[in-house]
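If you want the building blocks of each chain, they are given just below.
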Amino acid sequence: GGGGGGGSGGGAVANASRHGKKVTGLMMHPSGDRRLLVTTNDSRLRLYDSYRLACKYKGAKIASSHIRASFDPTGNFVLSGSEDNRVYVWSTFNTYVPAINPLYTGYRKDRSSSFECFEAQSEIVTSALFAPQAARRRIILRPSAEGYEEPAPP
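It should be emphasised that the depicted structure is a prediction, and the values quoted were computed from it without experimental measurement.

## Some points on the overall build of the protein
Each helix and strand counted, the protein has three helices and 11 strands in total. Its helices and strands in sequence order give the protein the pattern α-β-β-β-β-β-β-β-α-β-β-α-β-β, from N to C terminus. Sequence-distant contacts, at least 24 apart, represent 43% of the contacts inside the protein between residues at least 6 apart.

## Brief notes about the nonpolar core
In this structure, L37, L45, Y57, V78 and W90 are the most contacted members of the largest nonpolar core, which totals 13 residues. Here L37 is in contact with G25, L26, M27, L45, R46, L47, A69, S70, F71 and V78, once residues within four sequence places are set aside. In terms of nonpolar packing, the next biggest core, distinct from the first, is built from five residues, V87, V89, V125 and A128 among them.

## Brief notes about the confidence of the model for the protein
Per-residue confidence for the protein gives a mean pLDDT of 76; residues scoring 70 or more make up 62%. The model gives residues 1-17 a pLDDT under 50, and that stretch makes two contacts with residues more than four places away or in other chains.

## Regarding the pattern of salt bridges
Scanning the model with the defined rule gives two salt bridges in all. Here R46 makes a salt bridge to D42, at a shortest N to O gap of 2.8 Å. By relative accessible area, which is 7% here, R46 ends up buried. The class of D42 is partly exposed, set by a relative accessible area of 26%.

## Focus on unusual backbone geometry
Not every positive phi belongs to a glycine, and S43 is a case in point at roughly 65 degrees. Tracing the backbone through its elements, the reader meets S43 in the loop between β2 (35-40) and β3 (44-49). Take S43: its relative accessible area is 16%, and that puts it in the buried class.

## Section: the sheet that holds strand β5 (residues 70-71)
An order of β5-β6-β7-β9 is seen for the four strands of this open sheet, with the pairing classed as antiparallel. Taken across any chain shown, the strands that pair with only one partner, and hence form the sheet edges, are β5 and β9 (116-119). In the sheet, strand β6 (residues 77-81) pairs with strand β7 (residues 86-91) via five bridges, with the strands oriented antiparallel. Bridge assignment links F77 to a residue of β7, and that residue is S91.

## Some remarks on the side chain of H29
Position of H29 relative to the elements: it lies in the loop between β1 (23-28) and β2. A residue is classified by how much of its surface remains accessible, and H29, at 6% relative accessible area, is buried. Only 2.9 Å separates the side chain of H29 from the side chain of S31, close enough to count as a polar contact. Residues in contact with H29, not counting those within four places in the same chain, are R35, F71, T74 and G75.

The rules we used
Residues numbered from 1 in each chain as written. Predicted model: local features only at pLDDT ≥ 70, side-chain atom pairs only at ≥ 80, totals over all residues. Heavy atoms only, no water. Helix = DSSP H or I, 4+ residues; strand = E, 2+ residues; numbered from the N terminus. Contact = heavy atoms within 4.5 Å. Core = buried A, V, L, I, M, F, W, Y, C linked by side-chain atoms within 4.5 Å. Buried < 20%, exposed > 50% of the residue type's maximum accessible area, 1.4 Å probe, protein only. pLDDT = per-residue confidence, 0-100. Salt bridge = Lys/Arg side-chain N within 4 Å of Asp/Glu carboxyl O. Pairing = 2+ DSSP bridges. Polar contact = N/O pair within 3.5 Å; in protein donor to acceptor, adjacent residues only side chain to side chain.

Right, dumping it as C-alpha cells:
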C-alpha cells in the first residue's frame, strides 16, 4: 500500500522525491535586478521577474540530470545543456509578433520554444557557459612575429 504516516520507511519523503518538478539550477540575471532563471527537471527553464513568471523556455531535455542553465554576461541570452548531448540557446527578448490573432494560434508572449542548438559532445551536457569577452578575444587572435594580432576585418 501507500501508507502515510511517519513510519521508519519514510514513505511520504520517498513519494515526494518521485513526483513533481525538481529545481536543478538557479541563476540571478547579470544586471542585478530581480530576474531569476530557474532550471527544473521537466525540460523547462523559467524566468521570473520578481515573483511573476516572465517567460518559460522549452527545447532542452532535462528529466533526471542535474543541469543548470545560465545567462550570457549581458543577460540577452539563456544557455543550457541537455540530456540529448546538445547545448540550447534562447534569446531573452521575444520580438515575434504574430500575423494572426493569438487567440487562434495559441501564441503566448510568456512562452519561448524558439531556440538554437548544437551537438556538444557524446554525453549529457550538464553545464554550459558563455566564454567571457577576454577569452573570446584571445581565441580569435592569431600568432604573428611580434606576438598576437587581431584578424583582419571581413
